[in-house]
Structure formats: structure tokens, C-alpha cells
Amino acid sequence: TWIAGYSLYNRAVEQYQGGNMEVAMKFYKEVQEVFPYDKDNNMKRNNITSDIVTKNLYLCSYRLNDFTNAKMYLQKLIDVKFNDPSIYLGMCKILLQEKDTAKALSYVEMGRTAFEEHPGLIGQEISIYVAQGKTKELIDKVSLAIDTDPENERLYNMRGSLNEKVN
């Protein structure tokens, strides 16, 4: 059975790379159905996991502008604490497109909890705060972070850049 799952996964990747998102999604969904039958975890040994397939389903949905399903797949990954900061950035991007800035910021903050130093999450958080005119609040937040980690040069640079924006 795992060979069938492996083959389906490779077909899905080919379709994705060829721009055929609907077909790729069909194959990825079929791969998901194979996992329960892979009792020896052969697929996992070949770096094919349910979470990776879920991430690929998110990517297909996003490219199809199917944001409802893209958010559903991202939420599944967030719920299992998938070790990839891009899932938080992806959710944030969709929520910002939907004009839900508060919820987008909450996902960036969740991501920052898991990946404190990730530059993409830091940049996104700064962008949202600045767009909301909350630069002062962000400076306060960075100052608190400096109090906990006074040796972190990035935090000082960030606070300096933010102060520059205020003045």
C-alpha cells in the first residue's frame, strides 16, 4: 500500500509543478487516505507525512484562490504545531486580504511565540502595527523584549528603526 501512496504523492507533486492544482489536490487527498494503511510507516520514512500533504493541500488551495480551504488546512497545521513559520505567515496573508487585521495579528503573535527570531514574522508584526498606527505600542513591546533579553542586538536595531519611524 505504501508504494501506491508514494506513487500518488509523486504524481501530485508533478501536477503541482505543472500548474494543475485541481489534479494535484485530488492526488494529495488520495495520499491522505493511504496513511492509515501504512502500518510500518514506510511513507514517513520516505519523508511523506500527513502534515506535509496537508501543507501541500494548503498551497494548492491558495493558488486556486480558495481561501476558505487554505485557511482550513493551515489551521490543521497550526493545531498540530507543525514546525514551519510559513503557516502563520500564510494565515496572516489571507486574513489581511480579507481585511481582518486583528485576527491576522493574533496569528503573527502565535507564530512569534513558536518562532521568536523568525525575520518574516517579525517583519509582518511590525508592518501590521505600523499600518494600524500603533508604532508606540510596538516600541513598548520591543522594549519589554529587551528587558528579558538585553544581549539581543536585533531587538535594539528594531527599536531604533521604530523610533526613527515615529520621529
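Refer to the structure above for everything that follows.
Residues numbered from 1 in each chain as written. Predicted model: local features only at pLDDT ≥ 70, side-chain atom pairs only at ≥ 80, totals over all residues. Heavy atoms only, no water.

(A) Representation of the pattern of salt bridges. The full count for this structure, using the stated rule, is six salt bridges. A salt bridge links D84 to K55; the nearest nitrogen and oxygen atoms lie 2.5 Å apart. Taken together, the residues span a long stretch of sequence, with D84 in the loop between α5 (67-79) and α6 (86-97) and K55 in helix α4 (residues 50-63) at a distance of 29 residues. Here K141 makes a salt bridge to E125, at a shortest N to O gap of 2.6 Å. Placement of K141 in helix α9 (residues 135-148) and of E125 in helix α8 (residues 119-131) is noted, with a sequence separation of 16 residues between them. By relative accessible area, K141 is classed as partly exposed at 31%. Residue class for E125 comes out buried when judged on its relative accessible area of 3%. Among the ionic contacts, a cluster of salt bridges with common partners joins E109, R112, E125 and K141. (Salt bridge = Lys/Arg side-chain N within 4 Å of Asp/Glu carboxyl O. Helix = DSSP H or I, 4+ residues; strand = E, 2+ residues; numbered from the N terminus. Buried < 20%, exposed > 50% of the residue type's maximum accessible area, 1.4 Å probe, protein only.)

(B) Representation of the packing of α8 against helix α10 (residues 153-166). One way to put it is that α8 packs onto α10 with a least axis distance of 13 Å and a crossing angle of 20°. What the angle tells us is that α8 and α10 run roughly parallel. Note on packing geometry: the crossing formed by α8 with α10 is right-handed. On α10, the residues touching I122, I126 and V130 of α8 are M158, L162 and K165. Looking at the contact of α8 with α10, its residues break down into five nonpolar, no polar and one charged. (Axes fitted to C-alpha atoms, helices over the stretch in contact; angles between N-to-C directions. Parallel < 35°, antiparallel > 145°, perpendicular 65-115°, else oblique. Left-handed = near helix turned anticlockwise from the far one by under 90°. Contact = heavy atoms within 4.5 Å. Nonpolar A, V, L, I, M, F, W, Y, C, P; charged D, E, K, R; others polar.)

(C) Geometry of the layout of surface pockets. Taken as a whole, the largest pocket holds about 220 Å³ of empty space. Residue lining of the largest pocket: 15 residues in total, with R112, E116, E117, A145 and L155 positioned closest to the centre. Top contributing element to the lining of the largest pocket by residue count: α9, with five residues. Of the residues assigned to the lining of the largest pocket, the class counts are six nonpolar, two polar and seven charged. (1 Å grid on protein atoms, 1.4 Å probe; cavity = no way out; pocket = protein on both sides within 12 Å on 5 of 7 lines; lining within 4 Å. Points joined across faces, edges and corners; volume = space filled by probe spheres on them.)

(D) How the structure looks around α6. Compared with the 16 Å implied by 1.5 Å per residue over 12 residues, the 16 Å span of α6 between its first and last C-alpha is a close match. Where the residues of α6 are buried, they touch α4, α5, α7 (101-114) and α8. After α6 finishes, the residue K99 shows a positive phi value of roughly 65°. (Expected span 1.5 Å × (residues − 1).)

(E) Here's a closer look at α9. In this model, α9 (14 residues) spans 20 Å end to end at C-alpha, consistent with the 20 Å of a helix rising 1.5 Å per residue. Buried within α9 are the following residues: T135, L138, I139, V142, S143 and I146. Within α9, the buried residues cover an arc of 145° as seen down the axis, which keeps them to one side. For α9, the exposed residues set more than 90 degrees away from the buried face come down to D140, L144, D147 and T148. Close packing links the buried residues of α9 with α8 and α10. (Arc of directions from axis to C-beta.)

(F) Expanded view of the nonpolar core. In terms of nonpolar packing, the biggest core is built from 47 residues, with Y28, V31 and V53 touching the most fellow members. Looking at this core element by element, the count peaks at seven residues for helix α2 (residues 21-34). Non-local contacts of V53, meaning those with residues more than four positions away in its chain, are made with Y9, Y28, V31, Q32, F35 and I48. (Core = buried A, V, L, I, M, F, W, Y, C linked by side-chain atoms within 4.5 Å.)

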